[in-house]
Amino acid sequence: MKIILASASPRRIELLKKWGLKFLISPGSIDEHTKLKRPSSIVKYLSYQKAKFIKEKNPGSVVIGSDTIVVLNGEILGKPKNKKDSERIIRELNGSVHKVYTGVSILSDNKEIVFYDVAKVKMQQLPDEKLKKLFGKHMDKAGSYAVQDKDDCFVKKIYGDYYTVVGLPYIRLKQELKKFKINLK
């Protein structure tokens, strides 16, 4: 059975390899604008659209799509538009507690599973000289930070699945993939 990850995210690719999955990589290009407001609905919808885009071109396969957003005080903090936006986001997150939502869709010819997971993240209160080192560093990540980057020392504590914050909730993904007869380590 052909398994396809509908994402070019280096973090998701690395995680699935680490968990022993053999898969192909085929990122889908979709319009990520939506009128949905609830973070859980947004990540489920976008993960589904990504997976569906690839699934339609690959009958007989199992496709995994995913989407992650950061939410602080009800505001969705997406990927920074530029370095100045990265600075704004990092300053807002400094010393905060926020939520990270990751939606996952797994599609086959006869089964579709769509779910999300959420984790709370407590950030360090960093002085300005340390914050400046983060501005523009993670332009490809929602919230403009990378929990897996040990050099950043920005994340203080995670309440929930660490991998939800990275971009693929391991515990739930492992459970759901079993329904497709796919096992993770």
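Conventions we followed
Residues numbered from 1 in each chain as written. Predicted model: local features only at pLDDT ≥ 70, side-chain atom pairs only at ≥ 80, totals over all residues. Heavy atoms only, no water. Helix = DSSP H or I, 4+ residues; strand = E, 2+ residues; numbered from the N terminus. Rg over C-alpha atoms; globule rule 2.2 N^0.38 Å. Buried < 20%, exposed > 50% of the residue type's maximum accessible area, 1.4 Å probe, protein only. Contact = heavy atoms within 4.5 Å. Areas by Shrake-Rupley, 256 points an atom, 1.4 Å probe, with all protein chains shown as cover. Lys, Arg positive; Asp, Glu negative; His and termini not counted. Charge placed at Lys NZ, Arg CZ, Asp CG, Glu CD. Pairing = 2+ DSSP bridges. Expected span 1.5 Å × (residues − 1).

Asker: Please set out the overall build of the protein chain residue by residue, giving values where relevant.
Answerer: Secondary structure assignment for the protein chain yields six helices and seven strands. Its helices and strands taken in sequence order, the protein chain reads β-α-β-α-β-β-α-β-β-α-β-α-α from the N to the C terminus. For 185 residues, the compact-globule estimate of 2.2 N^0.38 gives 16 Å, and the protein chain sits close to it at 16 Å. The proportion of buried residues among the 185 residues of the protein chain is 49%. Look at the contacts in the protein chain between residues 6 or more apart in sequence, and 65% of them connect residues 24 or more apart. Carbon and sulfur atoms make up 50% of the accessible area of the protein chain, which amounts to about 9,700 Å² in all. For the protein chain, the centre of its 38 positive side-chain charges and the centre of its 20 negative side-chain charges are spaced 4 Å apart.

Asker: Requested: an account of the pairing of strand β5 (residues 97-107), with residues and values cited.
Answerer: With nine of its eleven residues buried, β5 lies for the most part within the structure. Looking at chain direction, strand β3 (residues 61-72) and β5 are connected through nine bridges and run antiparallel. By the bridge assignment for β5, Asp-67 is matched with Gly-103. Here eleven bridges tie β5 to strand β6 (residues 112-123), and the two strands are oriented antiparallel to one another. Note on β6: the bridge partner recorded for Lys-99 is Lys-120.

Asker: Describe helix α2 (residues 39-55), and please don't skip the residues or the numbers.
Answerer: Between its first and last C-alpha atoms α2 spans 24 Å; for 17 residues at 1.5 Å apiece the expected length is 24 Å, and the two agree. Of the residues making up α2, those classed as buried are Pro-39, Ser-40, Ile-42, Val-43, Leu-46, Ser-47, Lys-50, Ala-51, Ile-54 and Lys-55. Structurally, α2 contributes buried residues whose contacts are with β1 (2-5), β3, β4 (75-77), β5 and β6.

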